[in-house]
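So the chains spell out like this:
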Amino acid sequence: MKLISRRNFMKLATSGAIAISVTNKINAKSLLSNLNTPRGGSDPGPHNLLKDKENPDIINPPLTDKGTLPNLRFSFSDSHIRNESGGWTRQITQRELTVSKTISGVNMRLNAGGIRELHWHKEAEWAYMLYGNAQITAMDTNGKFFMDDIKTGDLWYFPPGIPHSIQGLIPDGCEFILAFDNGNFDEDSTFLLSDWFKHTPIDILSKNFKIPSENFNILPKIEEKYIFQGTKNKIKYNINKKYISKKKFSYKMSSKKAIKFKKGKIKIADTSNFKISKNISAALVELKKGAIRELHWHPNNDEWQYYITGKAKMGVFASSDTARTFDMQAGDVGYVPFAMGHYIENTSNETLKFLEIFKSSYYADISLKQWLSLTPEQLIQDHLNLNSNFKKSLNKEKTAII
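Residues numbered from 1 in each chain as written. Predicted model: local features only at pLDDT ≥ 70, side-chain atom pairs only at ≥ 80, totals over all residues. Heavy atoms only, no water.

Caption draft 1: Spotlight on the sheet that holds strand β22 (residues 341-346). Taken together, the five strands give an open sheet; going across it, the order is β20-β19-β22-β17-β24, and neighbouring strands pair in antiparallel fashion. The open sheet has two edge strands, β20 (323-329) and β24 (366-367), and neither has a second partner. Of the strand pairs in this sheet, strand β17 (residues 292-297) and β24 are connected by two bridges, and their pairing is antiparallel. In the strand pairing of β24, Trp297 is matched with Ile366. (Pairing = 2+ DSSP bridges. Helix = DSSP H or I, 4+ residues; strand = E, 2+ residues; numbered from the N terminus.)

Next up, the structure:
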């Protein structure tokens, strides 16, 4: 995509605004005639046409929707961006998505050479690389050092309290999604190296490191080092083997085989294959055009989702005669509270790709179709008034993607 100057962008925006003003009424009328239910009516008042187009199941909910559910969707496009010299960051926590109690998320971009300052958290940090390449470092609790290169589709995990850093590599740095095992996580609560130095008396620093105090008169300002521009050359590190950590803080999921179905595939990462990731488990799901992530629920915790490509419809059953449908697209975060039944349907012409993330050491789901296939036929008939044809449609083997 060619870059557009601010001046040219304003010209395009002005001409576009004229076109929009001419066609807005026509588009709005056409849109509303398609979206409003026969039981509803027109919307002559002010409304956000773009938002209406993005959320047809809010404007015109399926007849199966009923009752009140909290909002289960928030977009990173509506999140405030913090711009720094080496990249940018934005977050979705319980403040933005109030239902999200177990997981919070951060979307971060590091330019080539951009460094996320040496730091640590109270929370566990799980990451999926969306784009590009990065170099990560960490030190384990035995005083052993870890360093690895991460590419698109790979993961890393830092347990609570483990010090670490991330740096974007040439040619174009990286972008990744972070998940923390606390819905109230805040980036500003990070323990930063430069922050600690600035808030420690110089005489204490001098005693601790056994060097003259004047060495600390040129410490950087805290705000200079959060995400800052470092050297673009890859950092080389030679260290005695006895100081190399045996713990694997990264997982090369990009090279792992997926569980394949006719209409998609799934990759799972939990302690069964990514042993250090004890607080967070995840699945990378891909659905082809028209496919659905089958009717199911999760018995171990709430589900936090991040949509990478495509568009989707998510229907959530909350018990108590309550259900609601949400429209998702790339860059959105979805949330399904513990044990609520749900499905996800690919509504776009491209492959739908998204992450399912849980505050749990293991990944688990319950398939509605598999459960009913193992249930006596008479019980099903007594419950649903469905004949034997329904029973024949069921599979005793789980089919996560249909």
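Caption draft 2: How the structure looks around the layout of surface pockets. If you add up the space inside the largest pocket, you get close to 390 Å³. In this structure, the largest pocket is lined by 18 residues; those nearest its centre are Leu295, Phe317, Gly341, His342 and Leu368. Secondary-structure elements contributing two or more residues to the lining of the largest pocket are β17, β19 (311-317), β20 and β22. By residue number, the principal contributor to the lining of the largest pocket is β19, which donates four residues. When grouped by side-chain class, the residues that make up the lining of the largest pocket number nine nonpolar, six polar and three charged. (1 Å grid on protein atoms, 1.4 Å probe; cavity = no way out; pocket = protein on both sides within 12 Å on 5 of 7 lines; lining within 4 Å. Points joined across faces, edges and corners; volume = space filled by probe spheres on them. Nonpolar A, V, L, I, M, F, W, Y, C, P; charged D, E, K, R; others polar.)

Caption draft 3: Inspection of the pairing of strand β8 (residues 155-158) at higher detail. Of the two faces of β8, the one holding Leu155 and Tyr157 and the one holding Trp156 and Phe158 are both buried throughout. In this structure, strand β6 (residues 125-139) lies alongside β8, joined through four bridges in antiparallel fashion. Bridging from a neighbouring strand, Glu125 pairs with Phe158 of β8. Direction of pairing for β8 relative to strand β13 (residues 250-251): antiparallel, over a ladder of two bridges. (Buried < 20%, exposed > 50% of the residue type's maximum accessible area, 1.4 Å probe, protein only.)

Caption draft 4: How the structure looks around the sheet that holds strand β14 (residues 259-261). Pairing is antiparallel in the open sheet, where seven strands are placed in the order β1-β21-β18-β23-β16-β15-β14. In this open sheet, the two strands that pair with only one neighbour each are β1 (73-75) and β14. Between one strand axis and the next, the sheet turns through 20° on average, direction left out of account. (Axes fitted to C-alpha atoms, helices over the stretch in contact; angles between N-to-C directions.)

Caption draft 5: Representation of the packing of aromatic side chains within the structure. In the structure shown here, the tally under the stated rule is 17 aromatic pairs. Plain terms: the ring middles of Trp156 and Phe176 are 5.0 Å apart, the flat faces sit at 65° to each other, and that makes the pair edge-to-face. Remark: Phe176 occurs in strand β10 (residues 174-180) and Trp156 occurs in strand β8; sequence separation between them is 20 residues. Phe176 gets classed as buried once you look at its relative accessible area, which sits at 0%. A ring pair is formed by Trp297 and Trp371, whose centres lie 6.0 Å apart and whose planes are at 85°; its orientation type is edge-to-face. Of this pair, Trp297 sits in strand β17 while Trp371 sits in helix α6 (residues 368-373), and the two are 74 residues apart along the sequence. (Phe/Tyr/Trp six-rings, centres within 6.5 Å; stacked < 30°, edge-to-face > 60°.)

Caption draft 6: The side chain of His119, seen in detail. Inspection of the secondary structure assignment puts His119 in strand β5 (residues 114-120). Within the structure, His119 has its side chain in polar contact with the backbone oxygen of Glu117 (distance 2.4 Å). A distance of 3.2 Å separates polar atoms of two side chains, one belonging to His119 and the other to His121. Apart from residues lying up to four places away in sequence, His119 is in contact with Glu125, Ile162, Pro163, His164, Thr190, Phe191 and Leu192. (Polar contact = N/O pair within 3.5 Å; in protein donor to acceptor, adjacent residues only side chain to side chain. Contact = heavy atoms within 4.5 Å.)

Caption draft 7: How the structure looks around the pattern of salt bridges. Under the criterion given, the structure shown has 13 salt bridges. A salt bridge links Asp332 to Arg73; the shortest N-O distance between them is 3.1 Å. Of this pair, Asp332 sits in strand β21 (residues 332-336) while Arg73 sits in strand β1, placing them 259 residues apart in sequence. Note on accessibility: Asp332 and Arg73 belong to one class, buried. Among the salt bridges present, the one from Arg293 reaches Glu356, with a minimum N-O distance of 3.1 Å. Here Arg293 is found in strand β17, whereas its partner Glu356 is found in strand β23 (residues 352-358), with 63 residues between them in sequence. (Salt bridge = Lys/Arg side-chain N within 4 Å of Asp/Glu carboxyl O.)

Caption draft 8: Region of interest: a positive patch on the surface. Positive charge collects at one region of the surface, where Lys257, Lys260, Lys262, Lys263, Lys265, Lys288 and Lys289 lie side by side. Mapped onto the elements, Lys257 comes out in the loop between β13 and β14. The exposure class of Lys257 is exposed, given its relative accessible area of 83%. (Patch = residues over 30% accessible without salt bridge, like charges linked within 9 Å, V, L, I, M, F, W, Y side chains within 5 Å. Areas by Shrake-Rupley, 256 points an atom, 1.4 Å probe, with all protein chains shown as cover. Lys, Arg positive; Asp, Glu negative; His and termini not counted. Charge placed at Lys NZ, Arg CZ, Asp CG, Glu CD.)

Caption draft 9: Up close: unusual backbone geometry. Residue Pro171 is reached from Ile170 by a cis peptide bond, and omega for that bond is 15°. Inspection of the secondary structure assignment puts Pro171 in the loop between β9 (164-168) and β10. For Asp321, which is not a glycine, the phi torsion comes out positive at approximately 60°. As for its placement among the helices and strands, Asp321 is situated in the loop between β19 and β20.

Caption draft 10: The nonpolar core, seen in detail. Membership of the largest hydrophobic core comes to 75 residues, with the highest contact counts inside it found for Trp126, Tyr128 and Trp156. Not counting chain neighbours up to four residues away, the residues in contact with Trp156 comprise Glu125, Trp126, Ala127, Met129, Ile136, Ile150, Ile166, Phe176, Leu178, Phe249, Ser250 and Phe274. (Core = buried A, V, L, I, M, F, W, Y, C linked by side-chain atoms within 4.5 Å.)

Caption draft 11: Highlighting the environment of Tyr362. Locating Tyr362 in the fold gives a position in the loop between β23 and β24. The sequence separation of Tyr362 and Asn279 amounts to 83 residues, and the corresponding C-alpha distance is 8.6 Å. Tyr362 has contacts with Asp270, Ser281 and Asn300, leaving out every residue within four places of it along the chain.

Caption draft 12: Representation of empty space enclosed by the protein in the model. By the definition in use, this model includes one cavity of 30 Å³ or more. Of the voids in this model, the largest cavity is the one considered here, and its volume is about 60 Å³. Around the largest cavity, the lining is made up of 13 residues, and of these Met108, Arg116, His121, Leu178 and Phe180 lie nearest the centre. Going through the elements one at a time, β4 (104-110), β5 and β10 are the ones with two or more residues in the lining of the largest cavity.

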